[in-house]
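Breakdown of the fold
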Amino acid sequence: MESTVTTATSGEKIWGGDNEPMGANYGKLMMWFFIVSDALTFSGFLAAYGFSRFKFIETWPIADEVFTHFPFFHGVDAPMYYVALMTFILIFSSVTMVLAVDAGHQMKKDKVVLYMFLTILGGAIFVGSQAWEWKNFIKGEYGAVETKGGSLLQFVDKEGKRVALADFASSANAGREQLTKSKGMWFMSEAPLASYSVAQVQAGFKANPELLVRTEVITKDKKKTVLSRAQSEAMLTDAHYVVEGANLVRNEYGSKLFANFFFFITGFHGFHVFSGVIINVIIFFNVLVGTYEKRKSYEMVEKVGLYWHFVDLVWVFVFTVFYLA
Amino acid sequence: MSHVHVSNIGRIWKVFGILSAVTIVEVILGIAKPDFLYMTDFLGMNLLNWIFYALTIYKAYYIVWAFMHIEGEASSLRSSVVYPVIFLILYLLFILLTEGHYIFEVFKNSSIKWNF
């Protein structure tokens, strides 16, 4: 009963205004319920990701083959380290935020200023890191080929190590020139051409007998299927499109939906971080000019703090769903 | 303000320690991928993933309870925020994951070849 009956026993005036349902003032209560609805929005996205992953459970990309970059370490295979670092940055900015709220309760303006500044800094670094992460994802590393049936073929050597298109695609017969507005008739243009044509990839594959094709299908021992040389050659005759990096239509990592979900969910989260930083900046300046000092309450800092922790909370789940599991 | 505010700095750093430790454990497990966990499937997911999700919920608990300080709110507020979210998410996950698995089976066992 305690959870449903809030004010009847407290002797408070219920209908005259000025009362605080559930012991929280209007702003804080509404921030909580906004967070509830936003949490459900994110849950909808992540559950949709789970739906698609279960639907294509045998062909879904393996996460630690996709995110392997670390700044200044080119070519080093470093799965997860960078996102783990991003996670720390965001958790730490959550800590400085809660320290700012704590300092606000004690009306220590200087400390609130310092901690809010650190929080904003952490948020900005996080958004920057995410941009870098997107850049690597969009650029891609190895390249792949799509068949007429829509499945994706990647290339490996005898040991099963990935081989990039650039390492074997034939440079002979360099395909055709990009059609641009300045060259075509009637201002025609076309989508950017891939670095290599399908024919160049096929010729290069023929010339390198040690290469094999790897399909999307996951085997019993949870690795991607590597075809025999004969099967590989047969499969490659069906190729019709060279895929490099990722966009909203296709990506070199595997299932087309994978990149769509990655862009949409991490993008939506990144937008939340970005707006969180903006809101924090506004509150930061309010603290600086002494608005809350005059108001004798730093509760506004607590409200943006709630939002900021929520962004951290969502990232904890995005981290697990996209990078770990 | 109905309640008196005492400084929580000790607890904040303790929770930061817990969250960091759990994240480090997750990353170590994710890189090592021990076979006895990764290769064992249980209810549609391998044990390693179950551990990841359990640790994630553990972290989420600390973020909501300590950082968002829902432990200091009235129990009515706490209940009205936490229970609907938990119930709706479990419901949504159950519906969508069951359906996803069903469609997977349909694709797999039908005479339609979709991935070639």
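Quantities reported herein were computed from a predicted structural model and do not represent experimental measurements.

Parameters at a glance
- Residues numbered from 1 in each chain as written.
- Chains lettered and ligands numbered in written order.
- Predicted model: local features only at pLDDT ≥ 70, side-chain atom pairs only at ≥ 80, totals over all residues.
- Core = buried A, V, L, I, M, F, W, Y, C linked by C-beta atoms within 7 Å.
- Buried ≥ 20, exposed ≤ 12 C-beta atoms within 10 Å, placed from the backbone.
- Helix = DSSP H or I, 4+ residues; strand = E, 2+ residues; numbered from the N terminus.
- Contact = placed C-beta atoms within 7 Å.
- UniProt positions renumbered as here; feature names shortened; annotations may be inferred.
- Nonpolar A, V, L, I, M, F, W, Y, C, P; charged D, E, K, R; others polar.
- pLDDT = per-residue confidence, 0-100.

**Things to note about the nonpolar core**
In this structure, Val83, Ala100, Val112, Met116 and Val301 of chain A are the most contacted members of the largest nonpolar core, which totals 74 residues. If you list the elements that add at least two residues to this core, you get α1 (26–55), α3 (81–105), α4 (109–139), α8 (256–288) and α10 (299–324) of chain A together with α1 (9–32), α3 (47–67) and α4 (75–109) of chain B. The element best represented in this core is α10 of chain A, accounting for 16 residues. Ignoring sequence-local partners within four residues, the contact set of Val112 of chain A consists of Ala100, Ala103, Gly104, Val287, Tyr298 and Val301 of chain A. Judged by nonpolar contacts, the second largest core, of 17 residues, contains Phe155, Ala169, Tyr196 and Val201 of chain A.

**Topic: the environment of Ile18 of chain B**
Among the secondary structure elements, Ile18 of chain B is positioned in helix α1. Residues Ile18 of chain B and Lys108 of chain B, spaced 90 residues apart in sequence, show a C-alpha to C-alpha distance of 43 Å.

**With respect to the environment of Ala234 of chain A**
On the secondary structure map, Ala234 of chain A appears in helix α7 (residues 229–236). Put simply, Ala234 of chain A and Phe155 of chain A are 79 residues apart on the chain and 14 Å apart in space, counted from C-alpha to C-alpha.

**Focus on the UniProt feature "transmembrane region" (unreviewed entry) in chain A**
Residue and element names in this part refer to chain A. Those places that UniProt annotates as "transmembrane region" (unreviewed entry) correspond, in this numbering, to residues 29–51, 80–100, 112–132, 261–285 and 306–324. Helix makes up 100% of residues 29–51 and strand 0%. Its end C-alpha atoms lie 33 Å apart. A helix fraction of 100% and a strand fraction of 0% characterise residues 306–324, whose end C-alpha atoms lie 26 Å from each other.

**A few points about the UniProt feature "transmembrane region" (unreviewed entry) in chain B**
All names here are of chain B. When the UniProt feature table is mapped to this numbering, "transmembrane region" (unreviewed entry) covers residues 12–32, 47–68 and 80–104. Secondary structure content for residues 12–32 is 100% helix and 0% strand, while the C-alpha to C-alpha distance between its ends is 30 Å. What you have in residues 80–104 is 100% helix and 0% strand, and the ends, taken at the C-alpha atoms, are 36 Å apart.

**What to know about the interface of chain B and chain A**
In this complex, chain B contributes 48 residues to the contact, which on the side of chain A involves 48 residues. Elements with a contribution of two residues or more to the side of chain B that touches chain A: α1, α3 and α4 of chain B. For the side of chain B that touches chain A, the element with the highest residue contribution is α4 of chain B, accounting for 18 residues. Residue classes in the side of chain B that touches chain A are distributed as 29 nonpolar, 15 polar and 4 charged.

**Brief notes about the confidence of the model for chain A**
Residue and element names in this part refer to chain A. Summarising the model, chain A shows a mean pLDDT of 88, and 94% of its residues fall at 70 or more. When the elements of chain A are averaged for pLDDT, helix α2 (residues 63–66) gives the smallest value, 83, and α8 the largest, 96. The model gives residues 4–8 a pLDDT under 50, and that stretch makes 6 contacts with residues more than four places away or in other chains.

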